[in-house]
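# Breakdown of the fold
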Amino acid sequence: KDIEFIRSNFYNKLELFRFSSSLGRFVGYTEYGVKQAEYRNNIPSFIAAMKAQREAYCLNNIGVYYRTA
């Protein structure tokens, strides 16, 4: 439950917006990023796909991490 999937979008080393699985939505950090986050948050299939990425990347590989740590 404490695993978080984060997908950030950058331009010129500046983070514009990111998806955070703990929030379940996109968050913008610049004026452009806020607009992009709002746009992506209004597409239910896009949000569902990002939430599925948490299961595909994080939850699927957590056993590998704990076996090696």
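Up top is the structure these notes are about.
Residues numbered from 1 in each chain as written. Predicted model: local features only at pLDDT ≥ 70, side-chain atom pairs only at ≥ 80, totals over all residues. Heavy atoms only, no water.

## Digging into the overall build of the protein
Let me state the cut-off plainly: To qualify as a helix, a DSSP run of H or I must reach at least 4 residues; to qualify as a strand, a run of E must reach at least 2; elements of each kind are numbered from the N terminus. Under the scheme applied here, a residue whose accessible area is under 20% of the maximum for its type counts as buried, over 50% as exposed, and between as partly exposed, the area being computed with a 1.4 Å probe on protein chains only. By definition, residues are in contact when any of their heavy atoms lie within 4.5 Å.
From N to C terminus, the protein includes 2 helices and 3 strands. Overall, the protein shows an N-to-C arrangement of helices and strands of β-β-β-α-α. Within the protein, the fraction of its 69 residues that count as buried is 28%. When contacts within the protein are restricted to residue pairs at least 6 apart in sequence, long-range pairs at least 24 apart make up 25% of them.

## What to know about the nonpolar core
The cut-off we apply is this: Take the buried Ala, Val, Leu, Ile, Met, Phe, Trp, Tyr and Cys residues and link them wherever side-chain atoms come within 4.5 Å; each set so joined is a nonpolar core.
Counting residues in hydrophobic clusters, the biggest one holds 9 residues: Phe5, Leu16, Phe17, Phe19, Phe26, Ala37, Ile47, Met50 and Cys58. Of all the secondary structure elements, the ones that give two or more residues to this core are strand 2 (14-20) and helix 2 (44-68). With near-sequence residues (within four places) excluded, Met50 lies in contact with Phe5, Arg7, Phe19 and Phe26.

## Structural notes on the pattern of salt bridges
As a reminder of what qualifies: Here, a salt bridge means any side-chain nitrogen of Lys or Arg that lies within 4 Å of a carboxyl oxygen of Asp or Glu.
Counted under the stated rule, the structure contains 1 salt bridge. Two residues, Arg18 and Glu15, come together in a salt bridge whose shortest N-O distance is 2.8 Å. Look at Arg18 and you get partly exposed, because its relative accessible area is 24%. Exposure remark for Glu15: the relative accessible area of 17% places this residue in the buried category.

## Focus on the side chain of Thr30
Rules: Whenever two N or O atoms come within 3.5 Å, that pair is a polar contact, provided that in protein one can donate a hydrogen and the other can accept it, and provided that, for residues adjacent in sequence, both atoms are side-chain atoms.
For Thr30, the location among the structural elements is in the loop between strand 3 (25-28) and helix 1 (31-41). For Thr30, the side chain forms a polar contact with the main-chain nitrogen of Gly33, separated by 2.9 Å. Residues within four places of Thr30 in sequence aside, it is in contact with Leu14, Glu15 and Leu16.

## A word on the sheet that holds strand 1 (residues 6-11)
Which entries qualify depends on this criterion: Note: two strands are recorded as paired if DSSP finds a minimum of 2 bridges between them. Lines are fitted to the C-alpha atoms to define the axes, a helix being fitted only along its stretch in contact, and any angle between axes, read from their N-to-C directions, falls within 0 to 180 degrees.
Taking strand neighbours across the sheet as the criterion, the 3 strands line up as 1-2-3 in an open arrangement whose pairing is antiparallel. For this open sheet the edge positions go to strand 1 and strand 3, each flanked by a neighbour on one side alone. In this sheet, neighbouring strand axes are inclined to one another by 20 degrees on average, regardless of whether the strands run parallel or antiparallel. As paired strands, strand 1 and strand 2 are joined by 6 bridges and run antiparallel to one another. Counterpart to Arg7 in the pairing with strand 2 is Phe19.

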